[in-house]
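The residues making up each chain are set out below.
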Amino acid sequence: MVLYESTRGGSERITSAEAIKRGIAPDGGLYVPCNIEKLSLEDIRELVEMTYPERAFAILKRFLDDFSDEELAECVNSAYSNKFTHEDTAPVVELNESLFVLELWHGPTCAFKDMALQILPHLLVKAIKKTGEKSKVIILVATSGDTGKAALEGFADVEGTGIIVFYPENGVSEVQKYQMITQTGSNVSVIGVKGNFDDAQTGVKRIFADQELKSFMEDRNLRFSSANSINWGRLVPQIVYYFSAYADLIKTNRIDLGEKINFVVPTGNFGNILAGYYALKMGLPVNRLICASNDNNVLTDFIRTGCYDKRREFIKTISPSMDILISSNLERLLYEVADRDGTQVSSWMKQLFENGYYDIGKKYRDEVRKRFWAGWSNQEETLITIECMYEEYKYVLDTHTAVAVDVYDKYVITTGDLTPAVVVSTASPFKFSHSVCKALFGEEKIADKSEFELLEMLSKNCGLPVPDALAGLDKKKIIHETVCEKDGMKDAVIQKLLKWE
Ligand SMILES: *Cc1c(COP(=O)(O)O)cnc(C)c1O
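Nothing here was measured: the structure is a model prediction, and the numbers come from that model.

Considering the environment of Ala142
For Ala142, the location among the structural elements is in strand 5 (residues 136-142). Residues Ala142 and Ser226 lie 84 residues apart in sequence; the distance between their C-alpha atoms is 9.8 Å.

This is the structure:
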């Protein structure tokens, strides 16, 4: 059986269900599998003729082997069989003979977080049952935009769960706000906070640690949990699409079985690209994982020098989901390259917390660089990339994917490596239509247009339909109007829980 241990060296080993239920280890570390099962090329060939849910089943059962086949099949089918608008779930689009785009945004919120958050609730509910828990799970989320909506869509009407999302009242885009406040479902709640994202996040952390609330919850058979990307249950579903993309390239005769390819990943918290690393460790023929950052290029420096230094200005960019200075999931990579030495990882994390930086030294840095290459794209370069790619291929990129395409160009110029590459596309261009329209049509054309008018503009000019999930959003019924003070979040949670009784 595959067991899980903490990256910070605790000796306890637990099942995947327990790891998914807990989210984070008691010593503050992240759960990682103790052993990784390899797939043979023959195993990979078998994926070629499978549907996406079947591929997901084949990969997930190698990590979640305490789940029965039946349980796992229920999870993958609920998540991927009819919630995605594209029949292939995660299709691969060819731009030219060596460049492909893996579109991960055909889910209900038009961003790649759906790939994990559509299945996590089902895994969590089963994990709770399997570990003998009787409580109902209440998910608390503080969001700066994308995660909140994806978590709402994932948990809406899932039996045995409730979800409460806090967002900064004036700190998300108009489209993001409407996506959340029009959310339907009998177990969902969305609350605006009079403050910024940090206020909302701090408030949620306080609620998790509040003793009074804890007994309030216990009396009512409730328990809090988080849908954050440090949970193994959010990371493991992301390994699937790396295999799926490879299988699709074989299916369409673009590569031969066993041929190596590159992946280019727009990176923030390092969850997405780390899933690619696990795929590689499982035997997927991958040459390089190319880590693409925006102006917040802390990971570019780390991969190039071995020094992780967060002591720098935080820059708000047009690719906001990558505006991150502490990439939590990097800890899992460090654990692997440092030969699973939890004491070492623990010490680096302590240095990061106390001094704002750590240096892994030349030996481990070289280990990282065997598999990873890193680069970054500034905002002007990102906009130019959107414009050029549309001119050349009539393909519209969102701002995050455009960062990846620009970094891929830099990779090819620097290394001359023309191995077939798959750019992992993380959002529909409609989700970031302000910047995309600016890149394609110029500043003047978009002046004083609302976000909803820009959706139409992008659609008309590029001949693409507005995704159903975003069309007519401004005309939908507003369901969640509650707004609270930043020190009123706990009361808001109690009110909601009493109402749900
Ligand atoms: C979350 C997100 C990312 C970053 O992914 P990580 O797993 O945090 O590295 C990139 N693009 C978009 C659109 C996202 O929502």
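On we go.
As for the site of the ligand
Neighbouring residues of the ligand: 15 residues in total, closest Lys113, Gly268, Asn269, Asn272 and Thr426. At 2.7 Å, a backbone N or O of Asn269 approaches an oxygen atom of the ligand. Relative to its unbound accessible surface of 390 Å², the ligand loses 95% to contact with the protein. A breakdown of the residues in the shell around the ligand according to their chemical character gives five nonpolar, eight polar and two charged.

Structural notes on the sheet that holds strand 13 (residues 372-376)
An order of 3-4-14-9-10-13 is seen for the six strands of this open sheet, with the pairing classed as mixed. Two strands in the sheet have a free side with no partner beyond their single neighbour: strand 3 (92-96) and strand 13. Across the sheet, the mean angle separating the axes of adjacent strands is 25 degrees when strand polarity is ignored. In this structure, strand 4 (residues 99-103) lies alongside strand 14 (residues 421-425), joined through five bridges in parallel fashion. Across the sheet, residue Val101 finds its bridge partner in strand 14, namely Val423. Along the sheet, helix 16 (residues 361-371) contacts strand 10 (286-293) and strand 13; its crossing angle with strand 10, the most-contacted strand, is approximately 105 degrees.

With respect to the pairing of strand 6 (residues 161-168)
Most of strand 6 sits inside the fold, with eight of its eight residues counted as buried. Of the two faces of strand 6, the one lined by Thr161, Ile163, Val165 and Tyr167 and the one lined by Gly162, Ile164, Phe166 and Pro168 are each fully buried. Sheet topology places strand 5 next to strand 6; six bridges connect them, and they run parallel. Paired with Val141 across the bridge in strand 6 is Val165. Where strand 6 lies against strand 7 (residues 188-194), six bridges are found, and the strand directions are parallel.

Quick notes on the environment of Asp301
Tracing the chain through its elements places Asp301 in helix 13 (residues 298-305). In this structure the C-alpha to C-alpha distance between Asp301 and Ser215, which are 86 residues apart in sequence, comes to 45 Å. When residues no more than four places from it in sequence are discounted, the contact partners of Asp301 are Gly306, Cys307 and Arg312.

Calculation notes
Residues numbered from 1 in each chain as written. Predicted model: local features only at pLDDT ≥ 70, side-chain atom pairs only at ≥ 80, totals over all residues. Heavy atoms only, no water. Helix = DSSP H or I, 4+ residues; strand = E, 2+ residues; numbered from the N terminus. Near = heavy atom within 4 Å. Polar contact = N/O pair within 3.5 Å; in protein donor to acceptor, adjacent residues only side chain to side chain. Areas by Shrake-Rupley, 256 points an atom, 1.4 Å probe, with all protein chains shown as cover. Nonpolar A, V, L, I, M, F, W, Y, C, P; charged D, E, K, R; others polar. Pairing = 2+ DSSP bridges. Axes fitted to C-alpha atoms, helices over the stretch in contact; angles between N-to-C directions. Contact = heavy atoms within 4.5 Å. Buried < 20%, exposed > 50% of the residue type's maximum accessible area, 1.4 Å probe, protein only.

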